[in-house]
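Okay, here's what each chain looks like letter by letter:
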Amino acid sequence: MPGPTPPDSTDPAVMAARLAAIVDSSFDAIISKDLDGLVRSWNQAAEAMFGYTAAEMVGTSIRRLIPPERQGEEDEILARLRRGERVGHFETERLTKDGRRLEVSITASPIRDGAGRIVGASKIARDISAAKRREREVGRLSRLYAGLSQVNQAIVMSATRDELFGKVCRVLVEFSGFKMAWIGEHDPARRQLLPVALHGDQEDYLRNITVYTDDRPEGRGPTGTAFREDQPFICNDLVNDSVAWPWRDRMQARGLRASAAFPIHCQGRPWGTLSVYADEPFFFRDREIALLREAAGDLSFAMDNFGREERRRQAEHKVRQELDFSAALINSLPGVIYFYDESGKFLRWNDNFERVTGYTGAELATMHPLDFFGGEDRERVAARIGEVFTRGESSVEAGFRAKDGRVTPYYFTGVRTFFEGRPCLIGVGLDISERRQAEAALRESQERLAVIVENLREGLIVADPAGDFLHWNPAALRMLGFTDLAEGRRRQREFDTIFTLHTLDGQPLPPAEWPLARARRGDTYDQVGLQVRRRDSDWARVFSYSGSRVTHADGRALAFVTLRDITERVRGEQERRRLLEAERAAHRQVDQILASVTDAFVTLDRDWRYLYLNDRAAQIFGRRKEDLLGKHIWTEFPEGVGQPFQRAYERAMRERVEIRFEEYYPPYDKWFENRIYPSAEGISIVFQDISERKQAERALREAHEQLEQKVAQRTEELREALDRAEAADRVKSAFLATMSHELRTPLNSIIGFTGIMLQGLAGPLNAEQTKQLGMVRGSARHLLELINDVLDISKIEAGQFEVHAEPFDLRASLERVAGLVRPMAEKKGLALSVTVAPEIGTLVGDRRRTEQILLNLLNNAVKFTDRGSVSVTAEPVPRLQASPEVTPVPGVAVRIADTGVGIRPEDLPKLFQPFRQVDSGLARVHEGTGLGLAICRRLSAMLGGTISVASERSRGSVFTVTLPLQTPPPTA
Amino acid sequence: MSRHVLLIEDNAQNRYLATFLLEHHGYSVTFAEDGPRGIALAQAGAPDLILLDIQLPGMDGHAVARALRGIPALQATPIIAVTSYAMVGDREKAMAAGCTGYLEKPINPDTFIADIERFAPPAR
């Protein structure tokens, strides 16, 4: 039965050559060495990686690849290999021929001869420099981003510039990992950059150096140059770069290797610098520089913000000064002004108050407002004070009693105001005694006038211009004071001897200019007022004369004169003028008070007419007071119709409530704070221009929003960087999976044919051939194990590990696994027992993964036990709970107990963590397998179970695996 | 009478290895280097057992298995996938395509025949 023609590959030499070819095609350096560390084989990847050719390396010690400080590692590795252990994924540094340092991951496995003796080691070294570099770069960028976020927070939170700078330097050192950070302020006089904030400088480095901004050598470092040229300056090698020579030794001593400096601006002009220092050369690349430059930009922005804040404070200071000024003004005013709270405690008063009442300030401070009133005034005043606190304002006239008991009539007005959140009354009192007298006089004369008017009849004189005819009517005679009309008529021609006439301003009038004489001459006049006095007494009257001459058709003419006694009217007018003058004076006083207050003040009557406005209001309106008084507000300000102001005024007028609001008035492009108080006449409005405050608030708010946006943007950038890193990781896992597949294919031939030959199927072998082929098969199987491990890890890392659920017999699995390790146990003289409780039978789960876990644990148990026994027991667990959030289910517990070396208590927590043992465990002996247990733990978790260990040093270990009878479906 | 195995495998070394083992254990072996030729041989020769590589040039093993199962005369013929694919779900994919069993490469020469006979017991 002829088969296909066998290729000539049965020759072991050809097989070895083929294996060599496979080894040479690997990307990883594959090296074999003997137990003395002499290199036996050296593939092409090793040549490429380390720069030594195979001819240079084979037969020489591998130690020349190892940096001096790591020589101890090789001793440990060789010691472990001699014990038959595998060293997996050990990350370290190695030297290339040209002296570079490579970061490599090393996996070393012992090579056994046909008899199972360890004769050397195979070593796979992978260059992980690029991956490590990327890892470090991502780490560095993450720290930078974290630092920048903190900088932005500091900008938002810091109240002062110095606080902000201090925080920023601290954040750059503590979050972003810089060795030192400082901020320098430019001192133009000294041409220096003086540190105003600093962090990370424990040794007074900055105090001992001076950084200049001009072109001398001490000004040509990164910081000086960055300031002078107004752009970032990077020095990535402080030790060798000439710009750093003035400070080189000190920098070197402090571990400063690279530095970057950035200009900070204030209001668009260079202000100072931000400088950071890293402990490794060539730290600053494009992305780092861009991020830091942004941080410096943010600081400039914050500086401008502080500048605005300072201007706002100055504006506030100005307002305070104005307030002080108005306080001084109030004190100098003639009326009494006072300020007290709801309990009647006086808080403030002007100097005049003390002068008028005769009390000292100390006395007033303990007095009550009603102490100044007596009798019925006291009750009225109390009622009006109550009105002020309930309705907002009131006024009253009352007698104001001084300390000496003198009572003076006063007119008081009070307005409620809020001081430190409490209602208070601000009041003004004016002395009205003069006005009172004027009023009394007026009333009297008006009464008198009323009586006279009642009896008044118009006086009439008729005369013939040419002849003797002359008639005075009774009223006219009575006006002249004749009670006896007959006597009057009798003496009517000699009036010039009884009376004198004067003009109203007192000029005597000659008889030729008297009214009747003028009318006779033909003058016409209307309502001419003249004083008439008697020569023989102090009788005097004022008459209003009207006169004319009327000519009849027959040529005759008659002169007519009418007269009215206007004495009372003239006097009343004088009185009224005087009263009006007093009122005006009083008004002027109030006006002055209100004008001196910085708030604008307006009073509107119920018909929306201006009753009053102060200077400040007129100034804001840009109008003259007298042009507005008495005018209708919405006629004068039609642009205000429909604005929120109108609605607020109308509501206050209608509902008689006090309203406060802040509002923007577009026609003036200004913000106003408004308080509207209902008053007796209508409403009063006190308002204030708060545009500057609003602008500051808006600027602050905008800055805040902008910063939030920046933080969000950076978070997004960071996330993208992480995504890229994860994508790279997925590519790596896929690459490993493909590679492991490609490596399996040739192994199929190697393992298959060595097996056939060892079975003798291809013909008999001599002892030497059998031994050598055994070594080939051993190495090939080991390589396969390596590949399988890599594949498992890459699957777990890539999240591609799937768990199958099918029924299987746990007892059979335990027997099978025990069967695999039994030869090794027997060889070491260990007793191996398997005890399964009778009720244990079928599990539904992943048989292969379950066996993988058990085999791994059993292998370890046998490996780490030199005498005694290894026992496996399986028992049911009624309530298995793998984690707190799942409900308990029935399961089994498999215990694998050995009498081996045990594990130190401090190492127990790290036992199941991946790579931990490999990374740090070289110095220890027999302390677990590293990757294997990490795989076991993840597998048992995926199967819905747990894994745990109890151990006592030198007494042995017990590993316990629990598994549910039914593997739960995977949770997403 | 010796059992007849159809081996569909493109790799000459693997083909030689399997053929060697099978013939030593009394099987007769015919082989095809790709799927279409394998399907033609299966229709013509009515093999007792088909060993099918999954990673084949052109038409892959899954497609070949589905095609074979579409031929009425071959519906009961055991098809064993032999593959060095070892990624998640490979086994399920092979079974879904109609394979009876699944062996992972590298094959173990000590157990290869026993494994085959587990999936395709020899006739009495």
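Numbers given for residues are sequential positions, taken from 1 along each chain in its written order. In the order they appear in the text, chains get letters beginning with A and ligands get numbers beginning with 1. With pLDDT at 70 or above as the cut-off, local features in this predicted model cover only qualifying residues; side-chain atom pairs require 80 or more to be listed or tallied, and sums for whole chains, interfaces and linings still use all residues.

A. Structural context of the overall build of chain B. The number of helices and strands found in chain B is five helices and five strands. Here the analysis covers contacts within chain B between residues at least 6 apart in sequence; of these, 58% occur between residues at least 24 apart. The way it works is that DSSP assigns letters per residue, a run of H or I at least four long becomes a helix, a run of E at least two long becomes a strand, and they are numbered from the N terminus. Residues are treated as contacting if the C-beta atoms built from their backbones sit within 7 Å of each other.

B. How the structure looks around the confidence of the model for chain B. All names here are of chain B. Of the residues in chain B, 92% have a pLDDT of 70 or more, and the chain-wide mean is 86. For every residue, the pLDDT score states the predictor's confidence, bounded by 0 at the bottom and 100 at the top. Mean pLDDT across the secondary structure elements of chain B bottoms out at helix α4 (residues 90-96), with 84, and peaks at strand β1 (residues 4-8), with 94. Per the prediction output, this complex has pTM 0.32; the corresponding ipTM is 0.71.

C. Geometry of the nonpolar core. Counting 47 residues, the largest nonpolar core has Val168, Cys169, Leu172, Phe178, Ala181 and Leu299 of chain A as the members making the most contacts within it. Under the definition applied here, buried Ala, Val, Leu, Ile, Met, Phe, Trp, Tyr and Cys residues are grouped into a nonpolar core through C-beta atoms within 7 Å. Three exposure classes are used. Buried residues have 20 or more other C-beta atoms within 10 Å of their own C-beta, exposed residues have 12 or fewer, and partly exposed residues fall in between, all C-beta atoms being placed from the backbone. With 43 residues, the next largest nonpolar core counts Phe20, Ile39, Val64 and Ala94 of chain B among its residues.

D. Highlighting unusual backbone geometry. Here the phi dihedral of Gln527 of chain A falls at roughly 50°; this positive angle occurs in a residue that is not glycine. You can see Gln527 of chain A is positioned in strand β20 (residues 525-534). We note that Ala46 of chain B has phi near 45°; this positive angle belongs to a residue other than glycine. If you trace the backbone, Ala46 of chain B turns up in the loop between α2 (35-45) and β3 (49-53).

E. Inspection of the sheet that holds strand β12 (residues 346-349) of chain A at higher detail. Residues and elements named next belong to chain A. Spatial strand order, β12-β11-β15-β14-β13: five strands in an open sheet with antiparallel pairing. Both edges of this open sheet fall to β12 and β13 (393-401), since each of them pairs with a single strand only. The mean angle between the axes of side-by-side strands here comes to 25°, regardless of whether they run parallel or antiparallel. Pairing of strand β14 (residues 407-419) with strand β15 (residues 422-431), which is carried by ten bridges, proceeds in the antiparallel orientation. Pairing between strands is defined by DSSP: at least two bridges between them are needed. Interaxial angle, 0 to 180 degrees, is taken between N-to-C directions of lines fitted to C-alpha atoms, where a helix line uses only the stretch in contact.

F. Broad picture of the environment of Arg285 of chain A. With respect to the element layout, Arg285 of chain A can be found in the loop between β10 (269-278) and α9 (286-332). Judged by the 13 C-beta atoms lying within 10 Å of it, Arg285 of chain A is partly exposed.

G. Region of the structure containing α2 of chain B. All names here are of chain B. Here α2 has its buried residues at Gly35, Gly38, Ile39 and Ala42. Buried residues in α2, looked at end-on, bunch into an arc of 100°, giving them a common side. With respect to the buried face of α2, the exposed residues turned more than 90 degrees away are Ala40, Ala44 and Gly45. Buried residues along α2 sit in contact with β1, β2 (28-32), β3 and α3 (61-69). Of the residues one or two after α2, Ala46 is the one with positive phi, at around 45°. The reported arc concerns the directions from the helix axis to the C-beta atoms and nothing else.

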